[in-house]
Amino acid sequence: MDKIVIKTENLTKRFGAFTAVKDLSFEVHRGEIFGFLGANGAGKTTAIRMLIGLLRPTSGFATVAGFDVYKEPEKIKKNIGYMSQKFSLYEDLTVLENLKFFGGIYGLKSEAIKIKSAELVEKLGMKNIAKKLIKELPIGWRQKVAFSVAVFHNPAIVFLDEPTGGVDPIVRRQFWDMIYEASESYITIFVTTHYLDEAEYCNRISIMDEGTIKALGNPSELKKNFNVDSMNDLFYLIARKKI
Amino acid sequence: MKRLINFIIKEFKHIIRDPRVLLILFGMPVVQVLIFGFALTNEIKNSKIIVIDFARDEISKKMINKIEANKYFEIIEISQNKNIILDYFREGKIKAAIIIPANLSSDLNHSGSSQIQIITDATDVNFANSIKNFIRAIINDYQSESLAGKVLERLIIVPEIKMLYNPQLKGAPNFVPGVMSMVMLLVCVMMTAIAIVREKEIGSMEVLLTSPVRPIFIIISKVVPYFAISTIDLTLILLLSVYVLDLPIQGSLFLLIAESLLFIFTCLNIGILISIRTSSQQIAMLMSLVGMMMPTVFLSGFMFPIENMPYVLQLISNVVPSKWFYIIVKDIMLKGAGFEIVWKETLIIASMMFFFFLVSFRTFKVRLN
């Protein structure tokens, strides 16, 4: 559990005169569920984009899965999974076809994909829907399949950008069960969310505001330190300051 | 390589599962060829005309017979009543009227010349012009045949009109090369651009870019299916034009295909460039239509002759790739021209392709960073 898989030091991103992320420093350990919280516009997305190699930092230092974000973005890409809030799966492909495609772009062999897909279908109990197009599936199923796709190639870290947006509480619960299970097999989970009850499920959380981390730690410790009763209160306390 | 194939298979699935896309890709070329080939032609075939014959003598009879014998005209009435002409035109029953004056033969005998009047429906300018020329040609023909022997002392200069390469004034020869460039633009520029931009719009591009797949692979995998489809469309158009429109390919088929491939590659590069510079499918479509389709329709010479345009438009037409492709295809298909004739146009298209390739490649690199 002690191995560090994400490490940033004074990571900064400027767009012209605007500083989106300022001096970000934190560590994430192997197998940890790390909640990355913050109001809209706090700089979360910019920070994630730097970590997954979509955006080059302006200054500072960061490694992901042991690789430098400046020098080895290609190696990082092989070791992470990413589930974006905007896109999850190709709607005009079936569940199996999505698995095959995404497995393929991560270089999995087709026999391996077949075996893993069969296992997954069995595990999630989706024999009936495996050959259905994604657009025919209810959103709950889509999110579950999307998560399975993101961890299909067994990445060291999976980045989840608001994975449970627009999903009902029951599916959210099932979704978090899947996250726990992945974490048990030592996949590190880096998750952003706006649901503060979900923040409680995380091992550690950080709350960002105006491009910097304002609070970092175990949810119950943080509540104690800031002297609040709930995550909601903590979030308001931090995000309200700028108003 | 395996990853690339995986990618390409996925692209084909996207295409196959969208009936609207399929319709555009395969229905459009067929419909365009058929519409342009049959419906929208300037072709003169069985055009209905009336003859007002005031002369009613030997010469006028012969002349009428000569016109009637021609399969391009159908005389629906021979009359002495001039007043019916306008009514016929208004009702759209006829395309032209010929008026033969009463003194036709006396004029011819005395002064050696006479006049007949040809009236055409000029609401369709091209059509009217071709009919006029046609009737004139028939009459001249008649003159030279029947009068040449008699009027030896006078030298009548008879213009001889020959419609080279397209003696029947068929519409298809002009339209097929035009349709070819339009379809290539549609498939290779618009559909390709849309397919790439679509990934940006639905957000999958971001996911793909965080994967180990090299960005250039993403582009190549998008281009391959549309390249394949455009070659199918090319075959389809050529087959239709040879077997349905009865328009044989005079020149070398190999050269025609090679030139078409060059044009396809040019279009694909333009499509890629558009897709890199835009982020929504609608804008990509608009850019392809306004930036490529409109110039093709208006400035390639396919609908309107470039020689008749204002000088500025003539200059602008030079940067429209389809203008050069249109010239090449026309030369090869209709005139049977070889590479020694079309090499200049080929060079122009090739340099355009190279230019678009460089620009899109550079833009692509800049965008990634």
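What counts, and at which threshold
Each chain has its residues counted from 1, running along the sequence as written. Each chain is given a letter, starting from A, and each ligand a number, starting from 1, according to the order in which they appear as written. pLDDT decides what is reported in this predicted model: residues at 70 or higher carry local features, side-chain atom pairs at 80 or more are listed and counted, and totals for whole chains, interfaces and linings draw on all residues regardless. Note: side-chain values were computed over all heavy atoms of the structure, leaving out hydrogens and water. Secondary structure elements follow DSSP: runs of H or I no shorter than four residues count as helices, runs of E no shorter than two count as strands, and numbering proceeds from the N terminus. In protein, a polar contact means a hydrogen-donor-capable atom and an acceptor-capable atom, both N or O and within 3.5 Å, with residues adjacent in sequence counting only if both atoms are side-chain atoms; elsewhere, any N or O pair within 3.5 Å suffices. Here, a salt bridge means any Lys or Arg side-chain nitrogen found within 4 Å of an Asp or Glu carboxyl oxygen. Summary of the burial criterion: residues with accessible area below 20% of their type's maximum are buried, those above 50% are exposed, and those between are partly exposed, where the area comes from a 1.4 Å probe applied to protein chains only. By definition, two strands form a pair when at least two bridges between them are found by DSSP. Interaxial angle, 0 to 180 degrees, is taken between N-to-C directions of lines fitted to C-alpha atoms, where a helix line uses only the stretch in contact. Any two residues whose heavy atoms approach within 4.5 Å at even a single point are treated as in contact. By nonpolar core we mean a set of buried residues, namely Ala, Val, Leu, Ile, Met, Phe, Trp, Tyr and Cys, connected to one another through side-chain atoms within 4.5 Å. Candidate patch residues must exceed 30% relative accessible area and have no salt bridge, after which like charges are joined if within 9 Å and Val, Leu, Ile, Met, Phe, Trp or Tyr side chains if within 5 Å. To be clear on the numbers: accessible area is Shrake-Rupley with a 1.4 Å probe, and residue cover counts the displayed protein chains and nothing else. Throughout, the term roughly parallel applies to angles under 35 degrees, roughly antiparallel to angles over 145, roughly perpendicular to angles from 65 to 115, and oblique to all others. By definition, any crossing whose near helix is turned counterclockwise from its far helix by less than a right angle is left-handed, and any crossing with a clockwise turn is right-handed. Each residue gets one of three labels, nonpolar for Ala, Val, Leu, Ile, Met, Phe, Trp, Tyr, Cys and Pro, charged for Asp, Glu, Lys and Arg, and polar for the others, Gly among them. As a per-residue measure, pLDDT reflects the predictor's confidence and takes values from 0 up to 100.

## What to know about the environment of S110 of chain A
All names here are of chain A.
For step 1, the next point in the chain: Its location among the elements puts S110 in helix α4 (residues 110–124).
For step 2, the next point in the chain: Remark: the alpha-carbon pair of S110 and K100, spanning 10 residues in sequence, is separated by 7.6 Å.
For step 3, the next point in the chain: Of note is the side chain of S110, whose polar atom sits 3.4 Å from the side chain of E111.

## Focus on the pattern of salt bridges
All names here are of chain B.
For step 1, the next point in the chain: This structure, assessed with the given rule, holds 26 salt bridges over all chains.
For step 2, the next point in the chain: K10 is paired through a salt bridge with E199; the nearest N and O atoms lie 2.7 Å apart. Remark: E199 occurs in helix α7 (residues 172–202) and K10 occurs in helix α1 (residues 2–16); sequence separation between them is 189 residues.
For step 3, the next point in the chain: Note on K10: relative accessible area 2%, which makes it buried.
For step 4, the next point in the chain: When the shortest N-O distance is used, the salt bridge between D331 and K335 registers 3.6 Å. Of this pair, D331 and K335 are both found in helix α13 (residues 321–335), four residues apart, which corresponds to roughly one turn of the helix.
For step 5, the next point in the chain: According to the relative accessible area criterion, K335 is partly exposed, its value standing at 46%.

## Comments concerning the pairing of strand β3 (residues 33–38) of chain A
Residues and elements named next belong to chain A.
For step 1, the next point in the chain: Of all six residues making up β3, six are buried, and the element is well covered by its neighbours.
For step 2, the next point in the chain: Going residue by residue along β3, you find I33, G35 and L37 tucked away on one face and F34, F36 and G38 tucked away on the opposite face as well.
For step 3, the next point in the chain: Where β3 lies against strand β8 (residues 188–192), four bridges are found, and the strand directions are parallel. Looking across to β8, one finds that F36 is bridged to T192.
For step 4, the next point in the chain: Note: β3 against strand β9 (residues 204–209), five bridges, orientation parallel. Residue pairing for β9: F34 is matched across the bridge by R204.

## Re the sheet that holds strand β10 (residues 212–217) of chain A
Residues and elements named next belong to chain A.
For step 1, the next point in the chain: Read from one edge of the open sheet, six strands run β6-β7-β8-β3-β9-β10, paired in mixed fashion. Each edge of the sheet is formed by a strand with only one pairing partner; in this case those strands are β6 (80–83) and β10. Neighbour-to-neighbour, the strand axes of the sheet open up by a mean angle of 15°, direction not taken into account.
For step 2, the next point in the chain: Helix α8 (residues 219–226) contacts β9 and β10 of the sheet and is inclined by roughly 110° relative to β10.

## Digging into the nonpolar core
For step 1, the next point in the chain: Counting residues in hydrophobic clusters, the biggest one holds 150 residues, and the most contacted among them are F147, F159, I189 and F190 of chain A.
For step 2, the next point in the chain: If one sorts the elements of this core by residue count, α7 of chain B sits on top with 19 residues.
For step 3, the next point in the chain: F190 of chain A has contacts with I6, F26, V28, F34, F36, I48, L51, I157, V158, F159 and L160 of chain A, leaving out every residue within four places of it along the chain.
For step 4, the next point in the chain: Of all hydrophobic cores here, the second largest spans 22 residues; its members include I64, F73, I75 and I139 of chain B.

## Observations regarding a nonpolar patch on the surface
For step 1, the next point in the chain: Where nonpolar side chains cluster on the molecular surface, the patch consists of M285, L286, L289, V290, M294, F298, M303 and F304 of chain B and spans about 710 Å² of accessible area.
For step 2, the next point in the chain: Relative to the assigned elements, F298 of chain B resides in helix α11 (residues 281–299).

## As for the packing of helix α3 (residues 95–105) of chain A against α1 of chain B
For step 1, the next point in the chain: Viewed as axis vectors pointing N to C, α3 of chain A and α1 of chain B meet at an angle of 150°, and their least axial separation amounts to 8 Å. With respect to each other, α3 of chain A and α1 of chain B are oriented roughly antiparallel. Every pair of crossing elements has a handedness; the one defined by α3 of chain A and α1 of chain B is left-handed. Here E97, K100, F101, G104 and I105 of chain A of α3 of chain A lie close against α1 of chain B, whose contacting residues are R3, N6, F7, K10 and K13 of chain B.
For step 2, the next point in the chain: Residue composition of the contact of α3 of chain A with α1 of chain B, by class: three nonpolar, two polar and five charged.

## Topic: the confidence of the model for chain B
Residues and elements named next belong to chain B.
For step 1, the next point in the chain: Taken over all residues, the pLDDT of chain B has a mean of 83, while the share at 70 or more is 88%.
For step 2, the next point in the chain: At the level of individual helices and strands, chain B shows its lowest average pLDDT in helix α6 (residues 125–146), which scores 73, and its highest in helix α10 (residues 253–277), which scores 93.
For step 3, the next point in the chain: Contacts from residues 152–159, a stretch scored under 50 in pLDDT, to residues over four places away or in other chains number six contacts.
For step 4, the next point in the chain: Scoring of the predicted complex yields 0.78 for pTM and 0.88 for ipTM.

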